[in-house]
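So the chains spell out like this:
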Amino acid sequence: MLVRSLLATVTTVALAACGMAVATGTADAATTTASATTFTVPAGVTHATVSLGTAHATVTRSPATAQTGVTCTLTVNTPIHTSTIVYGSASIGCTAPVSQLTMSANLYKNGALAVAGDLMETWSSGSLSANAYTPYAPGTYQTGAQGTVTYPAGYTPPTGTMPLTYSPKALL
């Protein structure tokens, strides 16, 4: 009976450590209730051992499988102007929520940086936008934007970079 209880405990610990749901309770009248202990196998470690009294269990991480299916797109809009300002905007849109998005949008006038927009961030979202404004003066304007995406756990690669991308030029 002690061996059966110990085996149930080790199995429960191993399953819990792998992130699997563990149901505890009595399997039959002769088995005592199994206890569950959870622990985290740190990133970069392939196996870990946990002890529960005199019982020991070793959990080996299975090879990571790359998940696919989330696509993020950076869209940079041609600047527009009102009577007093020039406005540039950009956005990132993803096909599903991601862990984090960051981006910035800038305005360029006659090929030189006119104004740097704020760095924008969001977590657990599938979209983000950024804007930049500058007082209007005649010239050729462009919006430039760049961003990064942090995909949910298990995705390969875990992050992506959206390099500086420019809108078409606008003579305003």
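Residues numbered from 1 in each chain as written. Predicted model: local features only at pLDDT ≥ 70, side-chain atom pairs only at ≥ 80, totals over all residues. Heavy atoms only, no water.

Applying the stated criterion across every chain, the model contains one disulfide. Covalently, Cys72 is tied to Cys94 through a disulfide, its sulfur atoms 2.1 Å apart. Between Cys72 and Cys94 the sulfur-sulfur dihedral comes to about 110 degrees; the bridge is accordingly right-handed. Taken together, the residues span a long stretch of sequence, with Cys72 in strand β3 (residues 72–76) and Cys94 in strand β5 (residues 85–109) at a distance of 22 residues. The two residues Cys72 and Cys94 agree in class, both being buried. (Disulfide = S-S within 2.5 Å. Helix = DSSP H or I, 4+ residues; strand = E, 2+ residues; numbered from the N terminus. Buried < 20%, exposed > 50% of the residue type's maximum accessible area, 1.4 Å probe, protein only.)

This part takes up the environment of Thr84. By the secondary structure assignment, Thr84 is in the loop between β4 (80–81) and β5. In the structure, Thr84 is positioned 52 residues away from Tyr136 in sequence and 5.2 Å away in space, judged by C-alpha atoms. Setting aside anything within four residues of it in sequence, one finds Thr84 in contact with Thr134, Pro135 and Tyr136. (Contact = heavy atoms within 4.5 Å.)

Below, the discussion takes up the nonpolar core. In this structure, Cys72, Ile92, Val98 and Met103 are the most contacted members of the largest nonpolar core, which totals 18 residues. Looking at this core, the elements with two or more residues in it are β3, β5, β7 (120–135) and β8 (140–150). Element by element, the count of residues in this core is highest for β5, at seven residues. Counting six residues, the second largest nonpolar core, distinct from the first, contains Val86, Leu107, Ala132 and Ala170. (Core = buried A, V, L, I, M, F, W, Y, C linked by side-chain atoms within 4.5 Å.)

Moving on to the side chain of Asn106. Looking at the element boundaries, Asn106 is found in strand β5. Of the polar contacts made by the side chain of Asn106, one reaches the backbone nitrogen of Gly117; its length is 3.0 Å. Ignoring anything within four residues of it in the chain, the contact list for Asn106 reads Leu113, Val115, Ala116, Gly117, Ala132, Gln142, Thr143 and Gly144. (Polar contact = N/O pair within 3.5 Å; in protein donor to acceptor, adjacent residues only side chain to side chain.)

Attention now moves to unusual backbone geometry. Pro157 follows Thr156 through a cis peptide bond whose omega is -5 degrees. You can see Pro157 is positioned in the loop between β8 and β9 (159–166). Even without a glycine there, the phi angle at Asn110 is positive, about 50 degrees. Looking at the element boundaries, Asn110 is found in the loop between β5 and β6 (112–116). For Asn110, a relative accessible area of 53% corresponds to the exposed category. Positive phi values are uncommon outside glycine, yet Ser124 reaches one of about 50 degrees. Looking at the secondary structure, you find Ser124 in strand β7.

Summarising the sheet, β5 and β8 pair through 10 bridges and their orientation is antiparallel. Within the sheet, the bridge partner assigned to Gln100 lies in β8 and is Thr150. Pairing of β8 with strand β10 (residues 170–171), which is carried by two bridges, proceeds in the antiparallel orientation. By the bridge assignment, Thr140 is partnered in β10 with Leu171. With six bridges connecting them, β8 and β9 associate as antiparallel partners. Among the inter-strand pairings, Thr150 is bridged to a residue of β9, identified as Thr159. (Pairing = 2+ DSSP bridges.)

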